[in-house]
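Residues per chain, in single letters:
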Amino acid sequence: MTQDTVRPSAPTAPVAPAAPAAGWSLVLPLKPLARAKSRLAPFAGPHRPDLALSFALDTVTAALAAPGVGRVLVVTRDAAAGARLAALGALVVDDEPGDGLNEALAHGAAAALVLAPRAPLAALSADLPALRPAELGRVLGAVPATGRAFLPDAPGLGTTLLACTPGSTLAPAFGGGSRARHAAGGARELRLPGVQSVRRDVDTGEDLAEALALGVGPHTRALAVRLGYLPRPR
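Rules and cut-offs
- Residues numbered from 1 in each chain as written.
- Predicted model: local features only at pLDDT ≥ 70, side-chain atom pairs only at ≥ 80, totals over all residues.
- Heavy atoms only, no water.
- Salt bridge = Lys/Arg side-chain N within 4 Å of Asp/Glu carboxyl O.
- Buried < 20%, exposed > 50% of the residue type's maximum accessible area, 1.4 Å probe, protein only.
- Core = buried A, V, L, I, M, F, W, Y, C linked by side-chain atoms within 4.5 Å.
- Helix = DSSP H or I, 4+ residues; strand = E, 2+ residues; numbered from the N terminus.
- Contact = heavy atoms within 4.5 Å.

**Q** A description of the pattern of salt bridges should follow, citing residues and the corresponding values.
**A** Evaluated as defined, the whole model comprises eight salt bridges. Measuring nitrogen to oxygen at the nearest pair gives 3.6 Å for the salt bridge that ties Glu 189 to Arg 191. Looking at Arg 191, the relative accessible area reads 70%, which means it is exposed. Measuring nitrogen to oxygen at the nearest pair gives 3.8 Å for the salt bridge that ties Asp 201 to Arg 200. The same class applies to Asp 201 and to Arg 200, which are both buried. When salt bridges with common partners are traced through the structure, they connect Lys 37, Arg 39, Asp 127 and Asp 203 into a single cluster.

**Q** Give a description of the nonpolar core that names residues and reports values.
**A** Residues Leu 26, Val 72, Leu 124, Leu 136 and Leu 161 are the most contacted members of the largest nonpolar core, which totals 36 residues. At the level of elements, strand S1 (24-29), helix H2 (48-65), strand S2 (69-76), helix H3 (79-88), strand S4 (121-124), helix H5 (133-141), strand S5 (148-152) and strand S6 (159-164) are the ones that each hand at least two residues to this core. Of the residues forming this core, the biggest block, seven residues, is contributed by H2. Beyond its immediate sequence surroundings of up to four residues, Val 72 is in contact with Leu 26, Leu 28, Val 60, Ala 63, Leu 64, Ala 90 and Leu 91. Counting 19 residues, the second-largest nonpolar core is a separate cluster that includes Ala 109, Ala 112, Leu 115 and Leu 170.

Set out below in structure tokens:
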């Protein structure tokens, strides 16, 4: 994930009646598709928005199927993308605060706390097309019982997941070099083998090639076949 800094804000209204449910609340940010994944433009050209949507659809599908996940909230102002994600079972929160990624995550976290005030909470990248539910479940299961924790991305500079337990504040600090910022802010780094799918976010053509090699979800796979990135099944 990329972008700026953070000031928590409350949503104007809950997306559903408040409930004391347990199970993780996952908050995923999604830019308007016309602006999403700009670094993929040299590789994908006019198909960049389609790829961004496919990544989000596969990420949400896998996240909803992960052990221990109670709900997935997507923070976006893209109505068309929001409708597709809501059809999968995600709760869509309007991106009220503006363009800042960390502001959007803080806004989504506030909505999640209205829905499930005693549930643990995590911000998750929306561009994890190879995400496997079991691997995400392992990462969430490794979060300490108190405080905050994060998982670095595959290159080791950014962050794909930031989690906090009830009573702690998420305090997202995503953007270039977010691994160092989250560690400096007191979050514990999760060092787990075998969770590559949770660490492989996609910003470039090289990232996409690595995700395809891991094995992507059905939406990204179908689009990759159509665009010639993967061979057609025999």
